[in-house]
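Okay, here's what each chain looks like letter by letter:
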Amino acid sequence: MSTYTARALAPEVLAELRATDDAGRVPVPERDEEGGAPLRCCLRHSRAGERTALVSYAPLRRWAAATGADPGPYDEQGPVFVHAEECAGPEGDGLAFTNARRVLRRYSADGRILGGELVEEGFGDAELAKAFDDPAVALVHVRAVEYGCFYYEVRRP
């Protein structure tokens with residue numbers, strides 16, 4: 001079992017994104033004929049035939065509002081896949097999408113990027129512990145190498 005937990009998008013955030021995403025667009029659900037899309041609602045890959053939506057998501061925005069942080073220009077948004085309808089969420093509480101190289105991007109309590117590190121397939125507790133070695137790190141985003149897309153957030157245990 002992992003010391004760290006991948007944080008899927010919260011149900012209330014998903015409800016908002018399914019209505020209007022963070023870019024102000026109404027999502028267009030589609031049937032995923034092939035499957036394989038990385039879903040940020042339940043932290044697994046879509047299965048063939050499931051209805052998904054590609055939405056724009058600003059991963060720091062809600063965290064910043066809840067903590068009083070002001071990420072300024074770091075309040076970026078990007079594409080994420082979610083189920084088009086409500087789902088049960090993640091089945092476990094460990095890490096997800098560790099099947100490829102990822103970037104662990106570290107953020108301070110005020111929402112500024114403190115750095116990042118490329119980690120290899122199969123990353124886990126050791127790499128996250130290293131990311132949190134700096135006491136100034138408040139949270140870590142796990143991101144795709146290819147496009148920089150947000151996968152999920154990890155906070156201190």
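All values derive from a computational prediction rather than experimental measurement.

A look at the nonpolar core
Counting 19 residues, the largest nonpolar core has Leu104, Val140, Val142, Tyr152 and Val154 as its most contacted members. Of all elements in the fold, only helix 3 (125-131), strand 8 (137-144) and strand 9 (150-155) reach the threshold of two or more residues within this core. Sorting elements by how many residues they give to this core places strand 8 first, with 4 residues. Apart from residues no more than four positions distant in its own chain, valine 154 is found in contact with Tyr4, Thr5, Leu95, Leu128, Phe132, Leu139, Val140 and Val142. Listed in part, the 13 residues of the second largest apolar core include Val13, Leu14, Leu17 and Cys41.

Quick word on unusual backbone geometry
Phi angles above zero are rare outside glycine, and leucine 43 is one such case at about 55°. Secondary-structure assignment places leucine 43 in the loop between strand 2 (38-39) and strand 3 (44-45). Among the residues examined, leucine 43 registers a relative accessible area of 12% and is labelled buried.

Some details on the environment of glycine 92
Here glycine 92 is to be found in the loop between strand 5 (78-83) and strand 6 (102-108). Of the residues examined, glycine 92 reaches a relative accessible area of 55% and is grouped as exposed. Distance in space between the C-alpha atoms of glycine 92 and alanine 53 is 23 Å, their sequence separation being 39 residues.

Cut-offs applied
- Here, residues in each chain are numbered from 1, in the same order as that chain's written sequence.
- Thresholds applied to this predicted model are a pLDDT of at least 70 for local features of residues and 80 or more for the giving and counting of side-chain atom pairs; totals over whole chains, interfaces and linings are not thresholded and use all residues.
- For side-chain calculations, the full set of non-hydrogen atoms in the structure is used, while hydrogens and water are omitted.
- Nonpolar core, defined: a set of buried Ala, Val, Leu, Ile, Met, Phe, Trp, Tyr and Cys residues in which side-chain atoms within 4.5 Å join the residues together.
- Under the scheme applied here, a residue whose accessible area is under 20% of the maximum for its type counts as buried, over 50% as exposed, and between as partly exposed, the area being computed with a 1.4 Å probe on protein chains only.
- Segments assigned H or I by DSSP are reported as helices when at least four residues long, segments assigned E as strands when at least two residues long, and all are numbered from the N terminus.
- Any two residues whose heavy atoms approach within 4.5 Å at even a single point are treated as in contact.

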